[in-house]
Amino acid sequence: MKTLGIIFANLHDKDIGELTSVRSIGSVPFGGRFRLIDFVLSNMVNSGITKVGVITKTNYQSLMDHVGSGKHWDLSRKNGGLIMLPPFGAGDTGPYSSRLGAIRNIEPFLRHSDEEYVVMSDCDNVCNINIAAVVQAHIDRHADITVVARKKELVNKKPRTIIETDCDGRVTKVINTDKASGEKIVFANIFVMNRKFLLSVIENSAEHNYNSFSRDVLVKGAKDYRIFTYMQEGYFANIDNIGNYYKHSLELLDKRIRDELFYRDGANIYTKVRDSAPCKICSEAVVTNSLIADGCVIEGEVKNSILFRGVKIAKGAKITDSIVFQDSVIGRNSTLNCVIADKLVTILEGRTLSGHETHPYFIAKCAVI
């Protein structure tokens with residue numbers, strides 16, 4: 001089955017504005033050496049998709065630096081491969097403000113593609129999913145739209161797209177609300193459509209000035225379209241605020257979660273390879289239950305933390321329950337507890353910084369404290 005992949009690299013930037021002020025959500029670092037886009041890219045490649053378009057909008061220089069030609073995901077090809085799609089569409093449409101607007105902007109790209117099916121996904125999902133199985137389920141059910149969904153315990157604070165289905169998994173009702181609580185089936189921001197059907201949806205949305213995919217396509221189309229769910233089982237993390245970023249990052253310290261996420265059913269998660277020196281842990285250092293990337297130099301104490309490439313921890317420094325991004329330096333006798341330090345941060349000697357596991361203390365890129 002010929003399938004085209006589409007990735008939305010900027011749709012949820014505002015959800016974690018602390019981390020996306022200088023980058024798109026797709027290029028947010030995760031897990032010591034990965035970026036969020038690595039997960040959706042790897043899922044598509046592992047499912048046999050060899051043509052992937054990445055829709056950009058703002059702050060996408062670091063994203064382009066990371067994905068490059070796509071060779072690290074075997075997407076550097078003469079035909080297909082990785083294609084960066086600019087934020088402006090044809091004519092004077094301007095930058096998009098919604099998912100449906102982003103799709104409308106790439107209509108020429110979709111029309112000139114010859115794949116029969118289109119898989120679309122956001123970048124804020126951390127999971128290892130067999131997209132080929134989703135597409136096959138879409139074909140078997142003769143669906144117009146297949147949405148990946150999962151069961152989630154909700155609280156009354158964040159808007160969600162809630163899905164109700166019949167016994168066969170066909171969607172009977174879609175609700176957008178921020179007042180739901182308890183366990184519900186929610187849209188996971190991954191979906192499959194026939195390419196020609198998608199083009200007809202784009203045309204219809206332009207005629208009626210529709211702007212929201214969930215409200216104007218899923219909610220209104222629940223009765224008219226054949227919409228089915230594909231239930232995602234296994235580990236799934238939605239990075240929709242800084243607290244969840246912190247929580248799901250530290251979940252990777254659990255080997256069972258790491259194995260399920262990075263090696264599920266033999267499907268690996270790939271990223272840009274850097275030929276850095278191995279990490280150096282000095283004789284007086286103490287490292288406990290932590291993920292340490294290559295190029296780090298540790299003289300102090302690190303516990304229950306994640307260090308990205310090139311981090312330096314000076315003698316006497318103590319890092320606990322924290323995430324330290326690439327090339328940051330922690331000075332002598334400084335203490336970090338429940339902290340997220342962005343790239344190139346410098347913590348001078350004798351500083352004490354602490355947040356809470358429900359509200360980590362964030363330090364912006366290049367800050368000196």
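Quick summary incoming for the structure in this document.

From N to C terminus, the protein includes 10 helices and 28 strands. For 369 residues, the compact-globule formula gives about 21 Å, and the C-alpha radius of gyration of the protein, at 21 Å, lands near that figure. Across the 369 residues of the protein, 53% fall into the buried class. In the protein, of all internal contacts separated by at least 6 residues, the share reaching a separation of at least 24 is 57%. Across the protein, the mean location of the 47 positive side-chain charges is 2 Å away from that of the 42 negative side-chain charges.

Bringing the packing of aromatic side chains into the picture now. Describing an aromatic ring pair means giving the distance of the ring centres and the angle of the ring planes. Summed over the entire model, instances satisfying the criterion amount to 11 aromatic pairs. Between Phe39 and Phe262 the ring centres are 5.9 Å apart and the planes differ by 45°, which places this aromatic pair in the tilted class. Note that Phe39 is positioned in helix 2 (residues 37-46) and Phe262 in helix 10 (residues 255-263), a separation of 223 residues in sequence. Residues Phe39 and Phe262 agree in their burial class; the two are buried. Here the aromatic residues Phe30, Phe34, Phe39, Tyr245, Phe262, Tyr263, Phe308 and Phe325 are joined through ring pairs into a cluster of three or more. Here Arg33 stacks its cationic end above the ring of Phe34, 5.4 Å away from the centre of that ring. One Lys or Arg, Arg99, reaches over the ring of Phe8 and ends 5.2 Å from the middle of that ring.

A few words now on the sheet that holds strand 23 (residues 329-330). Strands sit in the order 14-17-20-23-26 across an open sheet of 5 strands; the sheet is parallel. Two strands in the sheet have a free side with no partner beyond their single neighbour: strand 14 (280-281) and strand 26 (346-347). Where strand 14 meets strand 17 (residues 297-298), 2 bridges bridge the pair, whose relative direction is parallel. Within strand 17, the position partnered with Ile281 by the bridge is Ile298.

A word on the pairing of strand 10 (residues 171-177). Inspection of the sheet shows strand 9 (residues 160-165) paired to strand 10 by 6 bridges, in the antiparallel sense. Bridging across to strand 10, Thr161 finds its partner in Asn176. Where strand 9 folds back onto strand 10 in an antiparallel hairpin, the turn is made up of 5 residues, including Gly169, whose phi is positive at roughly 85°.

Attention now goes to unusual backbone geometry. Phi at Asn333 takes a positive value of approximately 60°, unusual for a residue other than glycine. Phi angles above zero are rare outside glycine, and Cys338 is one such case at about 55°. Of note, Cys338 is situated in the loop between strand 24 (335-337) and strand 25 (339-341). Residue classification places Cys338 among the buried positions, given a relative accessible area of 6%.

Here we come to the pattern of salt bridges. A full pass over the atoms with the stated rule returns 12 salt bridges. Its salt-bridge partner being Asp122, residue Arg99 comes within 2.6 Å of it at the nearest N-O pair. A residue pair is termed long-range when its members are at least 10 positions apart, and Arg99 in helix 4 (residues 99-105) and Asp122 in strand 6 (residues 117-122) qualify at 23 residues. Of the two residues, Arg99 and Asp122, neither departs from the other in class, the shared state being buried. Residue Asp294 pairs with Arg309 through a salt bridge whose shortest N-O separation is 3.4 Å. With Asp294 in the loop between strand 16 (291-292) and strand 17 and Arg309 in the loop between strand 19 (306-307) and strand 20 (312-313), this pair connects stretches of sequence that are 15 residues apart. The class of Arg309 is buried, set by a relative accessible area of 8%. Taken together, the shared-partner salt bridges in this structure form one network comprising Arg215, Asp216 and Lys220.

Parameters and conventions
- Residues numbered from 1 in each chain as written.
- Predicted model: local features only at pLDDT ≥ 70, side-chain atom pairs only at ≥ 80, totals over all residues.
- Heavy atoms only, no water.
- Helix = DSSP H or I, 4+ residues; strand = E, 2+ residues; numbered from the N terminus.
- Rg over C-alpha atoms; globule rule 2.2 N^0.38 Å.
- Buried < 20%, exposed > 50% of the residue type's maximum accessible area, 1.4 Å probe, protein only.
- Contact = heavy atoms within 4.5 Å.
- Lys, Arg positive; Asp, Glu negative; His and termini not counted.
- Charge placed at Lys NZ, Arg CZ, Asp CG, Glu CD.
- Phe/Tyr/Trp six-rings, centres within 6.5 Å; stacked < 30°, edge-to-face > 60°.
- Lys NZ or Arg CZ within 6 Å of the ring centre and 35° of its normal.
- Pairing = 2+ DSSP bridges.
- Salt bridge = Lys/Arg side-chain N within 4 Å of Asp/Glu carboxyl O.

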